[in-house]
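One-letter residues, chain by chain:
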Amino acid sequence: MARVTSIEFQKKNKDRVNLYVDGTYLMSMYVEMVYKYNISVNSEIDQEKLTQIIKADDYEKAKNKALNYISRVEKSEKKVKEKLQDEFDHEIIDMVMDFLKKYSFVDDDRFAGSIANNSLRFKRLGKNRIKQDLYVKGIDRDIIERTISNIDGDEELENAVYLAEKRLAKIKSDDKRVVRTKLYQHLSYKGFGYDTINSAIRRVLDE
C-alpha cells in the first residue's frame, strides 16, 4: 500500500493541490478531495481509494468546466456534452448533465422557447429560420417541433408583412413581377413558408 509523502498547493491555482506518494508525484486534485477522503501526509492510500478520488476529482473538473461554459450564454445539452467529451468519459459527463438538469442550469425546452420568442418578437424571423437556428444550437428534433408548433401563425404573418413593407420601400422597380420576386426572396431568406409569404405579399401589394 502506498504512503502519502507530500501535499502541495499549486502556485497558479490555489484550489488544487499536487499529491506525492512514496516521494513521487502522483496526481493533482481539488483541495476538497483532501478533506473528503481524509488524505494527510503519512496516511496510506490503496488502489480502490485512489480510483474513487480520481473519479470524484474528474467529476468536479467536468462540472466546473460545464458551469463556466454556460455562465455567459445558455447552451443546449448537446453542446455542453460536446464541450466535455474530449476530456472526460461518458460516465462523468452523464453525472454532470444530471447535476445541470437537476438544478435547471441546462433546460432545452426553456432554451428553445427563449430562442423562439426572441427570434419571433425582436428579429421577426419565420418558423423555418427559427427551426434552423434551434438545430444549429443542438436542440433535439422533438423539442424543435414542439417549440415551432407553439408559434402563433398570426404573429408570424404580421412579422412577414412588417418585413415585406420595409423591403418594398427599398425596391426601385415598377414591374410587379420584379417586386414580387424580390419580396419572395427576402421573406424566404427570413424563414417564412410559402403560404405565409404569399399572404404577406398580397397584403403589402393590396392584392
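Residues numbered from 1 in each chain as written. Predicted model: local features only at pLDDT ≥ 70, side-chain atom pairs only at ≥ 80, totals over all residues. Heavy atoms only, no water.

(A) Molecular detail of the overall build of the protein. Tallying secondary structure elements over the protein gives 10 helices and 4 strands in all. Over its C-alpha trace the protein gives a radius of gyration of 27 Å, far above what one expects of a compact globule, namely 17 Å for 207 residues. Along the longest, intermediate and shortest principal axes, the C-alpha atoms of the protein span 90 × 30 × 20 Å. For the protein, the proportion of its 207 residues judged to be buried stands at 38%. Taking the contacts inside the protein whose residues are at least 6 apart along the sequence as the reference set, 53% of them involve residues at least 24 apart. Of the roughly 13,000 Å² of accessible surface on the protein, 45% is carried by carbon and sulfur atoms. Between the mean site of the 40 positive side-chain charges and the mean site of the 37 negative ones, the protein shows a separation of 7 Å. (Helix = DSSP H or I, 4+ residues; strand = E, 2+ residues; numbered from the N terminus. Rg over C-alpha atoms; globule rule 2.2 N^0.38 Å. Buried < 20%, exposed > 50% of the residue type's maximum accessible area, 1.4 Å probe, protein only. Contact = heavy atoms within 4.5 Å. Areas by Shrake-Rupley, 256 points an atom, 1.4 Å probe, with all protein chains shown as cover. Lys, Arg positive; Asp, Glu negative; His and termini not counted. Charge placed at Lys NZ, Arg CZ, Asp CG, Glu CD.)

(B) Inspection of the sheet that holds strand E4 (residues 44-45) at higher detail. Taking strand neighbours across the sheet as the criterion, the 4 strands line up as E3-E2-E1-E4 in an open arrangement whose pairing is antiparallel. Where the open sheet ends on each side, the last strands, each with one partner, are strand E3 (24-30) and E4. Pairing of strand E2 (residues 16-21) with E3 involves 6 bridges; the strand directions are antiparallel. Pairing of Val17 across the sheet is with Met29, part of E3. Its contacts with the sheet put helix H2 (residues 47-69) on E2, E3 and E4, and the angle it makes with E3 is roughly 45 degrees. (Pairing = 2+ DSSP bridges. Axes fitted to C-alpha atoms, helices over the stretch in contact; angles between N-to-C directions.)

(C) Inspection of the nonpolar core at higher detail. Counting residues in each nonpolar core, the largest one holds 16 residues, and the members touching the most others are Leu19, Met29, Ile39 and Ile53. Contributing elements (two or more residues each) for this core: E2, E3, helix H1 (31-36) and H2. Leaving out residues up to four positions away in the same chain, Leu19 has contacts with Val4, Ser6, Ile7, Thr24, Tyr25, Leu26, Met27, Met29 and Ile39. Judged by nonpolar contacts, the second largest core, of 15 residues, contains Leu157, Ala160, Leu163 and Ile171. (Core = buried A, V, L, I, M, F, W, Y, C linked by side-chain atoms within 4.5 Å.)

(D) Fine view of the packing of helix H8 (residues 153-168) against helix H9 (residues 176-189). Here H8 crosses H9 at 130 degrees, and the two axes come no closer than 10 Å. By the angle class used here, H8 and H9 are oblique. Considering how the two elements wind past one another, H8 and H9 form a crossing that is right-handed. Between H8 and H9, the contacting residues are Ala160, Leu163, Ala164, Arg167 and Leu168 on the first element and Val179, Leu183, His186 and Leu187 on the second. Here the contact of H8 with H9 is composed, by residue class, of 7 nonpolar, 1 polar and 1 charged. (Parallel < 35°, antiparallel > 145°, perpendicular 65-115°, else oblique. Left-handed = near helix turned anticlockwise from the far one by under 90°. Nonpolar A, V, L, I, M, F, W, Y, C, P; charged D, E, K, R; others polar.)

(E) Representation of helix H3 (residues 77-84) in the model. By the burial criterion, the buried members of H3 are Glu77, Val80 and Leu84. For H3, the buried positions fall inside an angular range of 65 degrees around the axis, keeping them on one side. Of the surrounding secondary structure, the elements contacted by the buried residues of H3 are H2, helix H4 (90-102) and helix H5 (108-121). (Arc of directions from axis to C-beta.)

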